[in-house]
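Close look at the chain arrangement
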Amino acid sequence: MKMLPAPTANPILQESLAILHHYYPDLKIFVHGSWRNKGQCARDIDLVVMTQGFKGVATGKRIQIICRLLDEPNQRFDPVCLTPSEFKRLLRSDSEFAS
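Predicted model, so just to flag it, every value in this text is computed and none were measured. (Residues numbered from 1 in each chain as written. Predicted model: local features only at pLDDT ≥ 70, side-chain atom pairs only at ≥ 80, totals over all residues. Heavy atoms only, no water.)

**Looking at the pattern of salt bridges**
Within the structure shown, the criterion is met by one salt bridge. Between Glu86 and Arg62 there is a salt bridge; the shortest N-O distance is 2.6 Å. Taken together, the residues span a long stretch of sequence, with Glu86 in helix H4 (residues 84–92) and Arg62 in helix H3 (residues 59–69) at a distance of 24 residues. (Salt bridge = Lys/Arg side-chain N within 4 Å of Asp/Glu carboxyl O. Helix = DSSP H or I, 4+ residues; strand = E, 2+ residues; numbered from the N terminus.)

**Considering the environment of Val49**
Mapped onto the fold, Val49 is located in strand S3 (residues 45–50). Spatially, the C-alpha atom of Val49 lies 8.4 Å from that of Thr83, the residues being 34 residues apart in sequence. Here Val49 is in contact with Leu27, Lys28, Ile29, Phe54, Ile66, Pro79, Val80, Cys81 and Leu82, once residues within four sequence places are set aside. (Contact = heavy atoms within 4.5 Å.)

**Comments concerning the pairing of strand S2 (residues 28–32)**
Counting buried positions along S2 yields four of five residues, so the element is predominantly enclosed. Taken together, the five bridges between S2 and S3 define a ladder with antiparallel strand orientation. By the bridge assignment for S3, Phe30 is matched with Val48. (Buried < 20%, exposed > 50% of the residue type's maximum accessible area, 1.4 Å probe, protein only. Pairing = 2+ DSSP bridges.)

**Description of the nonpolar core**
Grouped together as the largest cluster of nonpolar side chains are 16 residues, with contacts concentrated most on Leu20, Ile29, Leu47, Val49 and Ile66. Looking at this core, the elements with two or more residues in it are helix H1 (11–23), S2, S3, H3 and strand S4 (77–82). Counting five residues, the second-largest nonpolar core is a separate cluster that includes Phe30, Met50, Leu82 and Phe87. (Core = buried A, V, L, I, M, F, W, Y, C linked by side-chain atoms within 4.5 Å.)

**Details of the packing of aromatic side chains**
Each aromatic ring pair is characterised by the separation of its centres together with the angle its planes make. The tally for this structure, following the rule as stated, stands at two aromatic pairs. Their ring planes at 50° and their centres at 5.6 Å tell us that Tyr24 and Phe54 sit as a pair that is tilted. Note that Tyr24 is positioned in the loop between H1 and S2 and Phe54 in the loop between S3 and H3, a separation of 30 residues in sequence. Relative accessible area serves as the criterion here: at 13%, Tyr24 is assigned to the buried category. (Phe/Tyr/Trp six-rings, centres within 6.5 Å; stacked < 30°, edge-to-face > 60°.)

**Here's the deal with the confidence of the model for the protein chain**
The pLDDT averaged across the protein chain works out to 78; a share of 67% of its residues lies at or above 70. Taking the mean pLDDT of every element in the protein chain, the minimum, 51, falls on strand S1 (residues 4–5) and the maximum, 91, on H3. (pLDDT = per-residue confidence, 0-100.)

Here is the structure:
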């Protein structure tokens, strides 16, 4: 599955990215899943959120933090939260993100 950098044309996503970058300056976000193809018709936005700030933070806590920061009542975000080294390992693995 190919991933694309998060599009900034969507005003909801643009505002959310600005909030996340405030807390995680090294943040990189990629969109994957149905939103990438369907745009605003998709029911949620699947994101890969990558920052060194997740190092030492449990997976569930990472998701909780990002979902709290992305609190947008009209849009559902589904983040996969990784450190850069975890992301590299994931790309080398046999996961859906590697193809």
